[in-house]
Amino acid sequence: MKVVLFCGGYGMRMRNGDPSDVPKPMAMVGPRPLIWHVMRYYAHFGHTEFVLCLGYGAHHIKEFFLNYKETTSNDFVLRDGKPELLSTDISDWTISFVQTGIESPIGERLRRVREYLDGDEMFLANYADVLTDAPLDKMVERFEQTDAGASMMVVPPQSSFHCVEMDEGGLIGSITPVSDMPLWENGGYFVLRQEIFDHIPENGDLVADGCGELAKRGRLLAYPYRGFWKPTDTVKERFALDEGYTRGDRPWALWERDRVHA
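These figures come from a predicted structure and were not determined experimentally.

Visitor: Please clarify how the packing of aromatic side chains should be interpreted in this entry.
Guide: Describing an aromatic ring pair means giving the distance of the ring centres and the angle of the ring planes. Following the criterion strictly, the structure yields 14 aromatic pairs and no others. Considering the side-chain rings of Phe 64 and Tyr 68, the 5.5 Å spacing of their centres and the 85° angle between planes classify their relative orientation as edge-to-face. The residues Phe 64 and Tyr 68 share a single accessibility class, namely buried. Among the aromatic side chains, those forming a connected cluster through ring pairs are Tyr 41, Tyr 42, Phe 45 and Tyr 189. The ring of Phe 143 has Arg 193 sitting right over it, with the charged end atom 4.3 Å from the ring centre. The aromatic ring of Tyr 245 is capped on one face by Arg 250, whose charged end is 3.9 Å from the ring centroid.

Structural data, given as structure tokens:
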């Protein structure tokens, strides 16, 4: 199944005043950028055909893959001054690099790469900046068993804030962490059918327009997940993932688990 990755936004919340034009999916986690970790996750489940919706800072993403060094994340033997790889990351990947505009909303970016999906009835989509260890195979299987137009992974709220209940006099009766509330938020992992294009207008949004209309029609499936799921909307969140990688605490790297148990 093809994987559409939205990697053309400004990522302003993660800039921290940095004037660099590096897009958020190129922020580093360990020796590789976020987008690589997301793509490696999909490849682990056998999905190795990628369509990158480029925009802001596109040249950084292009240069990363055009000058990709397998030796950075793979074991190798150096013989006669030349590396002999013992394993590879991207040798079996097919990547389409498509400029979808600097200011385009997510839905418009998806519309602009429709021709690269070759008419496939089903495909995957992702924001390219969220890491998880969710069982993608089960997510896809559940969707295939329905006739829904789209499936969205949903996760508990990640906020550390608390909600309060109070009476008319201002007395607080209870305090509840937002994460304990019976609420779910968009987890950024989608399984889509071609039907989604029927509900995204020009310069529209994937979630507000496409998924919103499907929800009204009872054709949007949720995949609730309470396991590991981490966004990178802020410098603090990205730094926490990078620190975890250094410690060897990287639950999203399912491919490493298989390597250990092989």
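That covers the picture; the talk isn't over yet.
Visitor: Just checking my understanding: could you explain the environment of Arg 219 for this structure?
Guide: With respect to the helices and strands, the residue Arg 219 is situated in the loop between α5 (206-216) and β14 (220-224). Arg 219 sits in the partly exposed class, given a relative accessible area of 22%. Remark: the alpha-carbon pair of Arg 219 and Leu 136, spanning 83 residues in sequence, is separated by 20 Å. Sequence-distant contacts of Arg 219, that is, excluding residues within four places in its chain, are made with Asp 147, Ala 148, Gly 149, Ala 150, Glu 195 and Leu 214. Here Asp 147 takes part through its backbone oxygen, which lies 2.4 Å from a polar atom of the side chain of Arg 219.

Visitor: Looking at this model, I keep getting lost on the side chain of Asp 129. Mind explaining?
Guide: Turning to its location among the elements, Asp 129 is positioned in the loop between β8 (122-126) and β9 (131-132). Of the polar contacts made by the side chain of Asp 129, one reaches the side chain of Lys 24; its length is 2.8 Å. Filtering out sequence-adjacent residues up to four positions away, Asp 129 remains in contact with Lys 24, Leu 34, Val 38, Lys 230, Pro 231 and Thr 232.

Visitor: Would you explain the pattern of salt bridges in this entry?
Guide: Once the charged atoms of two side chains with opposite charge are near each other, the side chains can pair. Overall, the coordinates contain 17 salt bridges when judged by the stated rule. The partner of Asp 120 in a salt bridge is Lys 2, and the shortest N-O contact between them spans 2.8 Å. In this pair, Asp 120 sits in the loop between α3 (106-112) and β8 while Lys 2 sits in strand β1 (residues 2-6), placing the two residues 118 residues apart along the sequence. You can call Asp 120 partly exposed: its relative accessible area is 24%.

Visitor: Help me out: how do you make sense of the environment of Ile 106 in this one?
Guide: In this structure, Ile 106 sits in helix α3. The partly exposed category is assigned to Ile 106, whose relative accessible area is 22%. For the pair formed by Ile 106 and Gly 8, sequence separation is 98 residues and the distance between their alpha carbons is 8.9 Å. Once residues within four sequence positions are removed from consideration, Ile 106 is found in contact with Phe 6, Tyr 127, Gly 204, Asp 205 and Leu 206.

Visitor: In this structure, what is going on with the nonpolar core? I would like to understand it.
Guide: The nonpolar side chains of a soluble globular protein tend to be buried with one another. Membership of the largest hydrophobic core comes to 50 residues, with the highest contact counts inside it found for Leu 5, Tyr 42, Leu 52, Phe 65, Met 153 and Trp 252. Looking at this core, the element that brings in the most residues is helix α1 (residues 34-44), giving eight residues. When neighbours within four sequence positions are excluded, Met 153 is seen to be in contact with Thr 132, Ala 134, Met 139, Glu 185, Asn 186, Gly 187, Gly 188, Tyr 189, Tyr 223, Tyr 225 and Trp 229. Counting residues in hydrophobic clusters, the runner-up holds 21 residues, among them Phe 6, Val 98, Leu 192 and Cys 211.

Visitor: So what exactly am I meant to see when it comes to the pairing of β8 here?
Guide: Within a regular strand, the side chains alternate between the two sheet faces. Among the five residues in β8, five count as buried, and that is most of the element. Covered by surrounding structure in β8 are Met 122, Leu 124 and Asn 126 together with Phe 123 and Ala 125, the residues of both alternating faces. Pairing of β1 with β8, which is carried by three bridges, proceeds in the parallel orientation. Its bridge partner being in β8, Val 3 is matched across the sheet by Leu 124. Summarising the sheet, β8 and strand β13 (residues 185-193) pair through five bridges and their orientation is antiparallel. Bridge assignment links Phe 123 to a residue of β13, and that residue is Leu 192.

Criteria and thresholds
Residues numbered from 1 in each chain as written. Predicted model: local features only at pLDDT ≥ 70, side-chain atom pairs only at ≥ 80, totals over all residues. Heavy atoms only, no water. Phe/Tyr/Trp six-rings, centres within 6.5 Å; stacked < 30°, edge-to-face > 60°. Buried < 20%, exposed > 50% of the residue type's maximum accessible area, 1.4 Å probe, protein only. Lys NZ or Arg CZ within 6 Å of the ring centre and 35° of its normal. Helix = DSSP H or I, 4+ residues; strand = E, 2+ residues; numbered from the N terminus. Contact = heavy atoms within 4.5 Å. Polar contact = N/O pair within 3.5 Å; in protein donor to acceptor, adjacent residues only side chain to side chain. Salt bridge = Lys/Arg side-chain N within 4 Å of Asp/Glu carboxyl O. Core = buried A, V, L, I, M, F, W, Y, C linked by side-chain atoms within 4.5 Å. Pairing = 2+ DSSP bridges.

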